[in-house]
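# Topology and contacts: notes
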Amino acid sequence: MDLSYFMEQALREAIKAYEKKEVPVGAVVFDARGRIVGRGHNQVEELSDATAHAEMIALTAAMATCGSKYLEDCTLAVTLEPCPMCAGAIVNAKVGRIVFGAYDPRMGACGTVMNITATRELNHRPEVYGGILEHKAQGLLREFFRGLRNQ
């Protein structure tokens, strides 16, 4: 499967967040057949909810679509490396694979700051691939934060 296609879909979700003045992070979950089963973008400000990250919303949608709390045969594509909260949810949902765009030097929990997804003591360790369409994901984030600084 072409991971860049799914990352482009996640970037579309990130643009939705950007347009709402949310940190532009987007995510999609797709199954082994390549069918997108969940989508999400940051809605922290809109919902006044610190847990309304793109990954959390996409995972919830995917679990509803699949009718299961486990997503072993699914991949999460997200534009920014997951934070500790999202990485924990990914492990709990037993997501099979994570692909992400930009690395997060402040909160990244898939290898940059910490590595929750590779912790041996936890009951699940998904495959993790970073840097997929990294330049596009980073560019959107930089543009967003530049705009905030200029206000």
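What comes next is a walk through the structure. Keep in mind the model is a prediction, meaning the values are calculated, not measured.

Turning our eyes to something else, we now look at the environment of V91. Here V91 is to be found in helix α4 (residues 84–92). Residues V91 and L71, spaced 20 residues apart in sequence, show a C-alpha to C-alpha distance of 9.8 Å. Once residues lying within four places of it in the same chain are set aside, the contact partners of V91 are I116, T117, L122, N123, H124 and P126.

It is worth spelling out the pattern of salt bridges at this point. Throughout the structure, instances matching the rule amount to 6 salt bridges. Between K136 and E8 there is a salt bridge, with its nearest N and O atoms 2.5 Å apart. Here K136 is found in helix α5 (residues 134–150), whereas its partner E8 is found in helix α1 (residues 3–19), with 128 residues between them in sequence. The exposure class assigned to E8 is partly exposed, which follows from its relative accessible area of 30%. A salt bridge links D31 to R33; its shortest N-O distance comes to 3.7 Å. Residue R33 is classed as exposed on the basis of its relative accessible area, which comes to 68%. Salt bridges linked by common partners bring E13, K16 and R39 together as one network.

Hydrogen bonding along the main chain pairs the strands of a sheet, whether they run parallel or antiparallel. The strand order β2-β1-β3-β4-β5 describes an open sheet built from 5 strands, whose pairing is mixed. The two strands at the open ends of the sheet, each matched to only one other strand, are β2 (36–41) and β5 (127–129). Across this sheet, the average inter-strand angle for adjacent strands is 15°, counted without regard to direction.

One can describe the packing of helix α3 (residues 54–66) onto α4 by two numbers: an axis separation of 9 Å at closest approach and a directional angle of 20°. Judged by the inter-axis angle, α3 sits roughly parallel to α4. α4 is crossed by α3, and the crossing has left-handed handedness. Mapping the contact onto sequence places E55, M56 and L59 in α3 and M85, C86, A89 and I90 in α4. Its residues placed into classes, the contact of α3 with α4 shows 6 nonpolar, no polar and 1 charged.

Even without being a glycine, K21 presents a positive backbone phi close to 65°. Here K21 lies in the loop between α1 and β1 (26–30). Accessibility expressed as a relative area gives 63% for K21, which makes it exposed. Notably, K94 is not glycine yet its phi reads approximately 55°, a positive angle. Following the sequence through the fold, K94 ends up in the loop between α4 and β4 (97–102).

What counts and how
Just so you know, the residues in each chain are numbered from 1, in the order the chain's sequence is written. With the structure being a predicted model, the display of local features is reserved for residues of pLDDT at least 70 and the display and counting of side-chain atom pairs for 80 or more, all residues being used for whole-chain, interface and lining totals. The basis for the side-chain values is all heavy atoms of the structure; hydrogens and waters are excluded. Counting from the N terminus, the helices are the DSSP runs of H or I reaching at least four residues and the strands are the DSSP runs of E reaching at least two. Note on definitions: a residue-residue contact is assigned when non-hydrogen atoms from the two residues lie within 4.5 Å. Any carboxyl oxygen of Asp or Glu that lies within 4 Å of a side-chain nitrogen of Lys or Arg is treated as forming a salt bridge with it. Summary of the burial criterion: residues with accessible area below 20% of their type's maximum are buried, those above 50% are exposed, and those between are partly exposed, where the area comes from a 1.4 Å probe applied to protein chains only. Between any two strands, at least two bridges found by DSSP are needed for them to pair. Structural elements are reduced to axes, namely lines fitted to C-alpha atoms, with helices fitted over the stretch in contact, and the angle between N-to-C directions of any two is expressed from 0 to 180 degrees. Working definition: roughly parallel below 35 degrees, roughly antiparallel above 145 degrees, roughly perpendicular at 65 to 115 degrees, and oblique for all remaining angles. By the definition used in this description, the sense in which the near helix is turned from the far one sets the handedness, with an anticlockwise turn below a right angle giving left-handed and a clockwise turn giving right-handed. Gly is put with the polar residues, along with every residue not named as nonpolar or charged; the nonpolar set is Ala, Val, Leu, Ile, Met, Phe, Trp, Tyr, Cys and Pro, and the charged set is Asp, Glu, Lys and Arg.

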